[in-house]
Amino acid sequence: MRSKKIYRRALLLLLIFNIIGMGLFIYFKIIKKIPDEIKILVGKEESFDFKMPIKANIVTEEEDIGVISVNDLRVPDNQISIDMNKPFTLGSTKTGKYNINLKLFGLFDFKNISLDVIEKVELIPCGIPIGIYVETDGILVLGSGRITGADGLNYEPITNKLKSGDYILEINGEKVKDKEELIEEIQNSNGNDIKLLVRRNEEKIAIRITPVKATDGKYKIGAWIRDNTQGIGTLTFASTKGDFGALGHGITDIDTGLLMEISEGSVYDADIMSIIRGKEGEPGELIGMIRQSKKYKIGKIKQNTLQGIFGTIDNNYNWLLKQEPLDIGLKQEVQKGAAKILCTVQDKVEEFDIQIESIDISNSNHSKGIVIRITDERLLDMTGGIVQGMSGSPIIQNNKIIGAVTHVFIQDSTKGYGTFIENMVNNLE
């Protein structure tokens with residue numbers, strides 16, 4: 001009798017685990033397939049087919065009644081229902097942001113989608129190599145090091161005080177311009193306590209540290225620091241209004257892996273000097289020379305974001321704005337199959353054939369929504385596939401700019417990731 005009870009309990013537990021497992025499977029499948037944001041063009045109907053057991057309500061303001069249409073029907077109510085298990089179309093006669101509330105099986109609140117109705121956007125695809133130079137907003141702390149003092153003992157003055165990723169803003173109440181100035185002020189302390197104002201995760205905190213006199217006679221606090229960085233990338237687009245976007249991913253510090261907070265920066269013309277071919281386990285690289293002078297300055301960087309760097313084109317590069325623009329392709333327009341990228345690996349911008357192998361519109365990773373494979377034999381012969389420095393190369397499909405190359409697969413340099421162009425366009429608003 002007792003063994004039957006144990007058997008029944010085991011079956012019950014197994015059933016519960018199966019139900020939980022099925023629920024989690026459905027949950028993560030929906031999370032991956034349903035985006036956090038949908039963009040549609042004003043005055044144009046867009047088709048969607050999620051095939052998910054979800055009911056959706058579009059909530060509009062009272063004055064917006066009748067603005068949104070579903071399946072060609074303009075619904076005179078501020079609660080517009082959609083069965084997302086069937087194909088449907090969305091359209092709007094008015095720009096604006098609306099909220100789509102999702103209910104799993106039509107019963108349980110699941111998530112909200114932002115519906116953004118926008119005007120048509122045209123961008124000029126570029127594909128030209130750029131040199132990037134940025135200065136950090138404060139002095140970035142990379143990590144700590146041990147100091148051997150003049151007395152022969154080992155010290156770690158910043159332990160439990162400064163952290164990797166902190167930005168030093170001031171020393172003893174005075175703003176710090178660069179790392180040389182910080183080092184000089186530490187020397188001038190003569191071993192007395194210094195007070196640092198530090199930004200950590202958007203919070204400003206005051207920290208007191210005692211410099212140590214090292215064996216070379218200099219005062220140190222044992223912090224590895226950085227105040228600027230530079231590199232080679234690709235200009236993705238110029239807008240008809242004179243803005244630019246590049247890289248498709250943010251500039252992160254090579255040591256901390258964190259997105260760098262910048263005070264100012266510039267992009268310059270660059271020449272590709274040589275190519276290190278990519279191979280299994282070793283990403284290749286475009287080796288370039290940055291023409292870091294006013295004459296070759298393309299523009300000023302205003303933002304460093306997860307979707308790339310953005311700024312304004314300088315007057316001496318206004319010729320970029322005279323090139324032929326293309327419409328952008330929204331996420332729902334991107335298709336598996338043939339496409340092209342624009343990039344420079346020799347002395348001019350060229351088109352190269354690629355295949356789009358998978359599409360993830362969920363926005364779970366802003367810089368990895370598209371998986372691409374290089375199919376053009378010319379590019380494969382020259383680079384082995386995607387290499388460092390190609391980040392930002394625009395992706396073109398059906399005569400629309402749909403995205404930008406962002407990463408290479410380390411184990412297969414013929415494949416890599418791309419970001420959707422609409423993710424980058426968000427930073428132009």
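Residues numbered from 1 in each chain as written. Predicted model: local features only at pLDDT ≥ 70, side-chain atom pairs only at ≥ 80, totals over all residues. Heavy atoms only, no water.

Colleague: Teacher, can you tell me more about the overall build of the protein here?
Modeller: The number of helices and strands found in the protein is four helices and 32 strands. Each of the 429 residues in the protein was classed as buried or not, and the buried ones make up 47%. When contacts within the protein are restricted to residue pairs at least 6 apart in sequence, long-range pairs at least 24 apart make up 67% of them. (Helix = DSSP H or I, 4+ residues; strand = E, 2+ residues; numbered from the N terminus. Buried < 20%, exposed > 50% of the residue type's maximum accessible area, 1.4 Å probe, protein only. Contact = heavy atoms within 4.5 Å.)

Colleague: What's the story with the environment of Y155 in this structure? I'm lost.
Modeller: Here Y155 shows up in strand β12 (residues 154-155). Under the relative-accessibility criterion, Y155 is labelled partly exposed at 29%. With 66 residues separating them in the primary sequence, Y155 and I221 have C-alpha atoms 8.9 Å apart. Here Y155 is in contact with G145, R146, I147, G149 and V212, once residues within four sequence places are set aside.

Colleague: Just to check I follow, could you spell out the pattern of salt bridges for this structure?
Modeller: For side chains bearing opposite charge, pairing can occur when the charged atoms are close. According to the stated counting rule, one finds 23 salt bridges in the structure shown. Of the charged contacts, one joins D253 and R226 as a salt bridge, the two residues approaching to 2.2 Å between their closest N and O atoms. Placement of the pair is D253 in the loop between β20 (243-246) and β21 (262-276) and R226 in strand β19 (residues 223-239), with a sequence separation of 27 residues. R226 gets classed as buried once you look at its relative accessible area, which sits at 18%. (Salt bridge = Lys/Arg side-chain N within 4 Å of Asp/Glu carboxyl O.)

Colleague: It is not clear to me how the sheet that holds strand β30 (residues 394-397) should be interpreted in this structure. Could you clarify?
Modeller: Pairing between the strands of a sheet is mediated by backbone hydrogen bonds and can be parallel or antiparallel. Read around the barrel, six strands follow the order β26-β27-β28-β32-β31-β30 and close on themselves; strand pairing throughout is antiparallel. Taken pair by pair, the neighbouring strands of this sheet meet at an average axis angle of 45°, ignoring direction. In terms of strand pairing, β30 meets strand β31 (residues 400-409) through four bridges, oriented antiparallel. The residue of β31 that forms the bridge with Q397 is K400. (Pairing = 2+ DSSP bridges. Axes fitted to C-alpha atoms, helices over the stretch in contact; angles between N-to-C directions.)

Colleague: Looking at this structure, I do not really get unusual backbone geometry. What am I missing?
Modeller: Phi at N398 is positive, roughly 55°, even though this residue is not glycine. By secondary structure assignment, the location of N398 is in the loop between β30 and β31. Its relative accessible area of 59% is what places N398 among the exposed residues.

Colleague: Would you take a moment to explain the pairing of β30 for this structure?
Modeller: Where a strand is regular, its side chains alternate between the two sheet faces. The alternating pattern of β30 places P394 and I396 and I395 and Q397 on opposite faces, both of which are buried. Of the strand pairs in this sheet, strand β26 (residues 337-344) and β30 are connected by two bridges, and their pairing is antiparallel. Bridged to I341 within β30 is I395. The hairpin turn running from β30 into β31, its antiparallel successor, is two residues long, and N398 in that turn takes a positive phi close to 55°.

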